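Chain residues, written in single-letter form:
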Amino acid sequence: MRQRIAELERQVAEQQRTIDGLRETNAWNLDNHDAQQSLLRLIDCSSDFIGIADMEGRALYVNAAGREMVGLASLEETKKTLVQTYFDPADLPYVEQTILPIVLRTGQWAGEFRFRHMVTGAIVPVHYSLFLAKNAKNEPIGLATITRDLRSMKRVEEERQRLQEEVIRIQANALAELSTPLIPISDRVVVMPLIGQVDEARAKQVLETLLDGISKRRAAIAILDVTGVSMVDFAVANGLVQAARAVRLLGAQVVLTGIRPEVAGTLVGLGLELDGLVVRGTLQSGIAFAMEKT
């Protein structure tokens, strides 16, 4: 992928050098027929859209790559078109009100834009470079463009973005698993030690991991150890109660361990119904209870 991006960047640089060279040599002298024909034969081999129009926007020439890009069958058909037809109608106000005035004032405009395929209507993202063509007297006699098709580059960027999002998703899942580990200690007992802060998102992850693990392992008892939980507020306590109720629907039981005195006071003060929760002071005592029951 890096090689493809580097190649596209190199092609853009070559495009700019071509534009600069054409300006320096005054190659767009449309009054010189022989020079024009020689130049047209040369640029017809380019993979970029290269075109010339008069000052009224009537197309005079578009090379083979350009005709393919916008769906023109021949040079004869091209000469019947106006520059305006190469754009999506929604983009025409920007062309007429911004791009053309800048070209007439400064001699050039370049940036990312969009062309339109005249047959399918498909939008083609491009790097659009438009500049004035001048004669030997430095008088503007037309508009010229060297335009690069950016579809390949866009696909590379989209794939890179997709891969980046996939990596982020995998990392998030890995972190979620680390923050809510479910450890089997027997065929019928699992333990989930919780450490740090439990917010709403993590409480949801706890519930999902717990239910999924109990279902897959057919566990009878799930031990939730909150020894390492830094703070228990209403959201955390309510999450624990909801987890106990959900686990009970699967025919299993939750054992809550690691309750410190201040946590016990919080649970009582919140007035939550703790029916279905077996509470033990330490993880060891919780494990002993579970092993005895199974």
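Above: the structure in question.
The rules we used
- Residues numbered from 1 in each chain as written.
- Predicted model: local features only at pLDDT ≥ 70, side-chain atom pairs only at ≥ 80, totals over all residues.
- Heavy atoms only, no water.
- Pairing = 2+ DSSP bridges.
- Helix = DSSP H or I, 4+ residues; strand = E, 2+ residues; numbered from the N terminus.
- Axes fitted to C-alpha atoms, helices over the stretch in contact; angles between N-to-C directions.
- Salt bridge = Lys/Arg side-chain N within 4 Å of Asp/Glu carboxyl O.
- Buried < 20%, exposed > 50% of the residue type's maximum accessible area, 1.4 Å probe, protein only.
- Arc of directions from axis to C-beta.
- Contact = heavy atoms within 4.5 Å.
- Polar contact = N/O pair within 3.5 Å; in protein donor to acceptor, adjacent residues only side chain to side chain.
- Phe/Tyr/Trp six-rings, centres within 6.5 Å; stacked < 30°, edge-to-face > 60°.
- Lys NZ or Arg CZ within 6 Å of the ring centre and 35° of its normal.

## With respect to the sheet that holds strand 1 (residues 49-53)
(1) Moving on: Ordered in space as 2-1-5-4-3, the five strands form an open sheet in which the pairing is antiparallel. A single partner strand is all that each edge strand has here, and the edge strands are strand 2 (59-62) and strand 3 (108-116). Pairs of neighbouring strands in the sheet enclose a mean axial angle of 25°, with direction left out of account.
(2) Moving on: Taken together, the five bridges between strand 1 and strand 5 (residues 140-149) define a ladder with antiparallel strand orientation.

## Details of the pattern of salt bridges
(1) Moving on: What the rule picks out here adds up to nine salt bridges.
(2) Moving on: In this structure, Asp54 and Arg58 form a salt bridge, with 2.9 Å as the shortest nitrogen-oxygen distance.
(3) Moving on: In this structure Asp54 comes out as buried when scored by relative accessible area, which is 12%.
(4) Moving on: Here Arg58 falls in the partly exposed class, since its relative accessible area comes to 44%.
(5) Moving on: Across the salt bridge formed by Asp91 and Arg114, the nearest N and O atoms sit 3.0 Å from each other. Here the residue Asp91 occupies a position in the loop between helix 4 (75-78) and helix 5 (92-106), and Arg114 occupies one in strand 3, the gap between them amounting to 23 residues.

## Remarks on the pairing of strand 5
(1) Moving on: By the criterion of burial, strand 5 is predominantly enclosed, with seven of the ten residues buried.
(2) Moving on: By the bridge criterion, nine bridges tie strand 4 (residues 123-134) to strand 5 in an arrangement that is antiparallel. Bridge assignment links Lys134 to a residue of strand 5, and that residue is Pro140.
(3) Moving on: As consecutive antiparallel partners, strand 4 and strand 5 are separated by five residues, and within that stretch Asn138 has a phi angle of approximately 65°, a positive value.

## Points about helix 10 (residues 283-293)
Residues spaced three or four apart along an α-helix face the same direction, because each turn holds 3.6 residues.
(1) Moving on: Within helix 10 the residues assigned to the buried category are Gly286, Phe289 and Ala290. Each buried residue of helix 10 lies within a common arc of 95° when the element is viewed along its axis, so the set occupies one face. Structural note: helix 10 exposes Gln284 and Glu292 on the side pointing more than 90 degrees away from its buried face.
(2) Moving on: Elements in contact with the buried residues of helix 10: strand 7 (189-196), strand 8 (221-229), strand 9 (253-257) and strand 10 (277-280).

## Here's the deal with the side chain of Thr145
(1) Moving on: Position of Thr145 relative to the elements: it lies in strand 5.
(2) Moving on: A distance of 2.8 Å separates the side chain of Thr145 from the backbone oxygen of Ser129, its partner in a polar contact.
(3) Moving on: In this structure the side chain of Thr145 is engaged in a polar contact, spanning 2.7 Å, whose partner is the side chain of Thr147.
(4) Moving on: Setting aside residues no more than four positions away along its own chain, Thr145 makes contact with Phe49, Ile50, Gly51, Tyr128, Ser129, Leu130 and Phe131.

## Regarding the packing of aromatic side chains
(1) Moving on: Enumeration over the complete set of coordinates arrives at ten aromatic pairs.
(2) Moving on: Seen from their ring centres, Phe49 and Tyr86 are 6.0 Å apart, and the 70° between their planes marks the pair as edge-to-face. Remark: Tyr86 occurs in the loop between helix 4 and helix 5 and Phe49 occurs in strand 1; sequence separation between them is 37 residues.
(3) Moving on: If you follow Arg280 out to its NZ or CZ, it ends over the ring of Phe289, 4.7 Å from the centre.

## Brief notes about the sheet that holds strand 6 (residues 183-184)
(1) Moving on: The five strands are arranged 6-7-8-9-10 in an open sheet whose pairing can be described as mixed. Each end of this open sheet is capped by a strand with a single partner; those strands are strand 6 and strand 10.
(2) Moving on: Here strand 6 pairs with strand 7 via two bridges, running antiparallel. Bridge pairing in strand 7 links Ile183 to Val191.
(3) Moving on: Across the sheet, helix 8 (residues 234-249) is in contact with strand 8, strand 9 and strand 10; its angle to strand 9 comes to roughly 150°.

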